[in-house]
Amino acid sequence: ATSNRQVENTYSVGVLPMKAMILAAGLGTRMRPLTDSLPKPLLQAGGKTLIEHHLLNLAAGGITHIIINHFYLGEKIEQALGDGSAYGVRIQYSPESTRLETAGGIVKALPLLGQDSFIVVNGDIWTDYSFASLQPVDGINTLARLVMIDNPEHNPAGDFNLGANNHLQESATADSHALTFSGISVLHSNFFKDLSEEPRPLAPLLRAAIAIGKVEGEYYTGRWFDIGTPERLRELDAILSTP
């Protein structure tokens, strides 16, 4: 991992830190009735909302310009977080009048994200991952870098295979093993080149880029939770609330 001192030194010579996008436009259907009147990112664990944990973690890693997309009850997210100054960050919002799914939402937000690399984080995970360690991709040989984790109980087969050269593969080889995509990534704007703004999932784009060897993986072994059910939210709350 890159130390904070190294990050500060990098920024001091004129390289700006990457922007980050938190994906917060989901419907949260699996979390009902908790999400009947509240968007999923505003559910609480350990005394803070899920999205507040992200904001504080990103700020601690030197990532202070954050874009948040929203669709379902999005006005409540804006009311809760404001301009981000309470968390030491600057927030811009990308509201969606039609749910655009992951890739479509990123395409819509590209004018805010810029022409280089940016971080994307799923709004419905919790992790102690240090965002200061994330590095840009070149947008030519590498279009994306995904943070991969050991397979959780709800995804035992994993998503992609991580090879010895840190490139992700769809099929297993002698030097690879299957891992789960954590929902944390660095993507380059070139990854979405010439795509129109319409509902579009991210997975097919990732698979196409993996097939031509342009997606890297990073293996993370720290704490991570996918808040996919009320039970997992209660489990995380119990862990974070324990002194």
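Rules behind the numbers
Residues numbered from 1 in each chain as written. Predicted model: local features only at pLDDT ≥ 70, side-chain atom pairs only at ≥ 80, totals over all residues. Heavy atoms only, no water. Helix = DSSP H or I, 4+ residues; strand = E, 2+ residues; numbered from the N terminus. Rg over C-alpha atoms; globule rule 2.2 N^0.38 Å. Buried < 20%, exposed > 50% of the residue type's maximum accessible area, 1.4 Å probe, protein only. Areas by Shrake-Rupley, 256 points an atom, 1.4 Å probe, with all protein chains shown as cover. Contact = heavy atoms within 4.5 Å. Polar contact = N/O pair within 3.5 Å; in protein donor to acceptor, adjacent residues only side chain to side chain. pLDDT = per-residue confidence, 0-100. Core = buried A, V, L, I, M, F, W, Y, C linked by side-chain atoms within 4.5 Å. 1 Å grid on protein atoms, 1.4 Å probe; cavity = no way out; pocket = protein on both sides within 12 Å on 5 of 7 lines; lining within 4 Å. Points joined across faces, edges and corners; volume = space filled by probe spheres on them. Phe/Tyr/Trp six-rings, centres within 6.5 Å; stacked < 30°, edge-to-face > 60°. Salt bridge = Lys/Arg side-chain N within 4 Å of Asp/Glu carboxyl O.

Focus: the overall build of the chain
So, point 1. Regarding its fold elements, the chain presents six helices and 13 strands.
So, point 2. In summary, the chain has a C-alpha radius of gyration of 17 Å against a globular reference of 18 Å for 243 residues, a match within 12%.
So, point 3. C-alpha atoms of the chain, sized along the principal axes, occupy 45 × 40 × 40 Å.
So, point 4. Counting across all 243 residues of the chain, residues that qualify as buried make up 50%.
So, point 5. As presented, the chain carries roughly 11,400 Å² of accessible surface, and 51% of it is formed by carbon and sulfur atoms.

Digging into the environment of E170
So, point 1. Inspection of the secondary structure puts E170 in the loop between strand 10 (168-169) and strand 11 (177-188).
So, point 2. Between the C-alpha atom of E170 and that of A211, which follows or precedes it by 41 residues, the distance is 7.4 Å.
So, point 3. Ignoring sequence-local partners within four residues, the contact set of E170 consists of D159, F160, N161, R207 and I210.
So, point 4. Within the structure, the side chain of E170 is placed 3.1 Å from the side chain of R207, a separation counted as a polar contact.

Points about the confidence of the model for the chain
So, point 1. Mean pLDDT over the chain stands at 90; residues scoring 70 or higher make up 93%.
So, point 2. With pLDDT under 50 throughout, residues 1-14 is counted as low confidence; its partners more than four residues away or in other chains account for 15 contacts.

Focus: the nonpolar core
So, point 1. Formed by 30 residues in total, the largest nonpolar core has its most connected members in I68, L81, I119, F131 and L134.
So, point 2. Looking at this core, the elements with two or more residues in it are strand 1 (19-24), helix 2 (50-60), strand 4 (65-70), helix 3 (74-81), strand 5 (90-95), strand 6 (117-122), strand 8 (144-149) and strand 11.
So, point 3. Ignoring any residue separated from it by four or fewer positions in sequence, one finds I68 in contact with I22, A24, I51, I77, L81, I91, Q92, Y93 and S94.
So, point 4. The next biggest cluster of nonpolar side chains, apart from the first, holds 29 residues, and it includes M21, A144, F191 and L206.

Section: the layout of surface pockets
So, point 1. What the largest pocket holds in volume is close to 1,000 Å³.
So, point 2. Sorting the residues of the lining of the largest pocket by element identifies strand 1, helix 4 (101-113), strand 6, strand 11, helix 5 (203-211) and strand 13 (224-226) as the ones contributing at least two each.
So, point 3. In terms of residues, the lining of the largest pocket owes the most to one element, strand 11, which gives five residues.

Focus on the packing of aromatic side chains
So, point 1. The final tally for this structure, using the stated rule, is five aromatic pairs.
So, point 2. Where Y129 meets Y220, the ring centres are 4.9 Å apart and the plane angle is 80 degrees; that geometry is what we call edge-to-face. With Y129 in the loop between strand 7 (125-127) and strand 8 and Y220 in the loop between strand 12 (215-219) and strand 13, the pair connects residues that are 91 residues apart, well separated along the chain. When sorted by exposure, Y129 lands in the same class as Y220, which is buried.
So, point 3. Aromatic side chains F191 and F192 sit 4.9 Å apart centroid to centroid with 85 degrees between the ring planes, which places their arrangement in the edge-to-face category.

Here's the deal with the pattern of salt bridges
So, point 1. Tallied over the full model, the rule gives seven salt bridges.
So, point 2. Linking R232 and D226 is a salt bridge whose minimum nitrogen-to-oxygen distance equals 3.5 Å.
So, point 3. Across the salt bridge formed by E231 and R234, the nearest N and O atoms sit 3.4 Å from each other. Of this pair, E231 and R234 are both found in helix 6 (residues 230-241), three residues apart, which corresponds to roughly one turn of the helix.

Brief notes about the environment of L23
So, point 1. Along the chain, L23 turns up in strand 1.
So, point 2. The spacing of L23 and T102 is 79 residues in sequence and 7.4 Å in space, taken between C-alpha atoms.
So, point 3. With sequence-adjacent residues up to four places away left out, L23 is seen in contact with N69, T102, I106, V120, V121, N122 and G123.

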